[in-house]
Amino acid sequence: MPVHILISIRQPVAAWVIPDAHVERLRRAFPHITFTHALDERSDRDGIARADAAFTWIMTPDMVEHAPKLRWVHSSAVAVGRLPLRGLGGRGITVTNSRGNQSPALAEHATGELPAPARRLALGVR
């Protein structure tokens, strides 16, 4: 039985978006799995209808209703508040997240920003 995975990570911050090349790499590494790279709401709807799993940080209750095969949702974010947890849980769909993955980068960023006010960094950027 074929496995279908929906990848839907659309963000206003380009660094957080899954590049096409990465999805192609997954397709080459796992040729027995179908990956749908959703780049808009229409492809979200089409992909979720066939998905066994979804890699996304945001999902609507309507998507859950139209996902008869969905068994697992993984969020790239630490928080899962943009997922319809009640609907997912009611159907026994497993939800996981990337908790801890971003900790080093967040800690480094916070440490780097600590001296910014004292050094008037905002003034320098302007």
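Residues numbered from 1 in each chain as written. Predicted model: local features only at pLDDT ≥ 70, side-chain atom pairs only at ≥ 80, totals over all residues. Heavy atoms only, no water.

J.: So what's going on with the overall build of the chain? Which residues, and what values?
T.: When you go through the chain residue by residue, the secondary structure sums to six helices and five strands. What you see in the chain, going N to C, is helices and strands ordered as β-α-β-α-β-α-β-α-β-α-α. Here the chain has a C-alpha radius of gyration of 18 Å; the compact-globule value for 126 residues is 14 Å, and the former is much larger. The C-alpha extent of the chain, read off along each of the three principal axes, is 60 × 35 × 25 Å. Looking at the chain as shown, the accessible area adds up to about 8,700 Å², and 60% of this sits on carbon and sulfur atoms. (Helix = DSSP H or I, 4+ residues; strand = E, 2+ residues; numbered from the N terminus. Rg over C-alpha atoms; globule rule 2.2 N^0.38 Å. Areas by Shrake-Rupley, 256 points an atom, 1.4 Å probe, with all protein chains shown as cover.)

J.: An account of the sheet that holds strand S2 (residues 33-37) is requested, with residue identities and associated values reported.
T.: Strand order in this open sheet of five strands is S2-S1-S3-S4-S5, and the pairing throughout is parallel. Unpaired on one side and paired on the other, S2 and strand S5 (94-97) mark the two borders of the sheet. The average angle at which neighbouring strand axes cross in this sheet is 15°, direction not considered. Strand direction decides the pairing type here: strand S3 (residues 53-56) and strand S4 (residues 72-75), joined by three bridges, are parallel. Within the sheet, the bridge partner assigned to Phe55 lies in S4 and is His74. (Pairing = 2+ DSSP bridges. Axes fitted to C-alpha atoms, helices over the stretch in contact; angles between N-to-C directions.)

J.: Lay out the side chain of His74 in plain terms, naming residues and giving numbers.
T.: When you line up the elements, His74 lands in strand S4. Within the structure, the side chain of His74 is placed 2.6 Å from the side chain of Thr96, a separation counted as a polar contact. The contacts of His74, once residues within four sequence positions are left out, are Ala54, Phe55, Thr56, Thr96, Asn97 and Ser98. (Polar contact = N/O pair within 3.5 Å; in protein donor to acceptor, adjacent residues only side chain to side chain. Contact = heavy atoms within 4.5 Å.)

J.: Break down helix H2 (residues 41-50) for me, citing the residues and quoting the values.
T.: Within the sequence span of H2, burial applies to Ser43, Asp44, Gly47 and Ile48. Angular distribution of buried residues about the axis of H2 spans 125°; they occupy a single face of the element. Check the buried side of H2 and you find it contacts strand S1 (3-8), S2, S3 and helix H3 (61-65). Capping of H2 at its N-terminal end is provided by Asp40; its side-chain oxygen lies 3.2 Å from the backbone amide nitrogen of Arg42. (Buried < 20%, exposed > 50% of the residue type's maximum accessible area, 1.4 Å probe, protein only. Arc of directions from axis to C-beta.)

J.: I'd like to hear about the pairing of S5, residue by residue, with values.
T.: Bridge analysis of S4 against S5 gives four bridges, and the strand direction is parallel. Within S5, the residue paired with Trp72 across the bridge is Thr94. As a crossover connection, the stretch from S4 through helix H4 (residues 85-90) into S5 is right-handed. (Right-handed = clockwise from strand over helix to strand, strands pointing away.)

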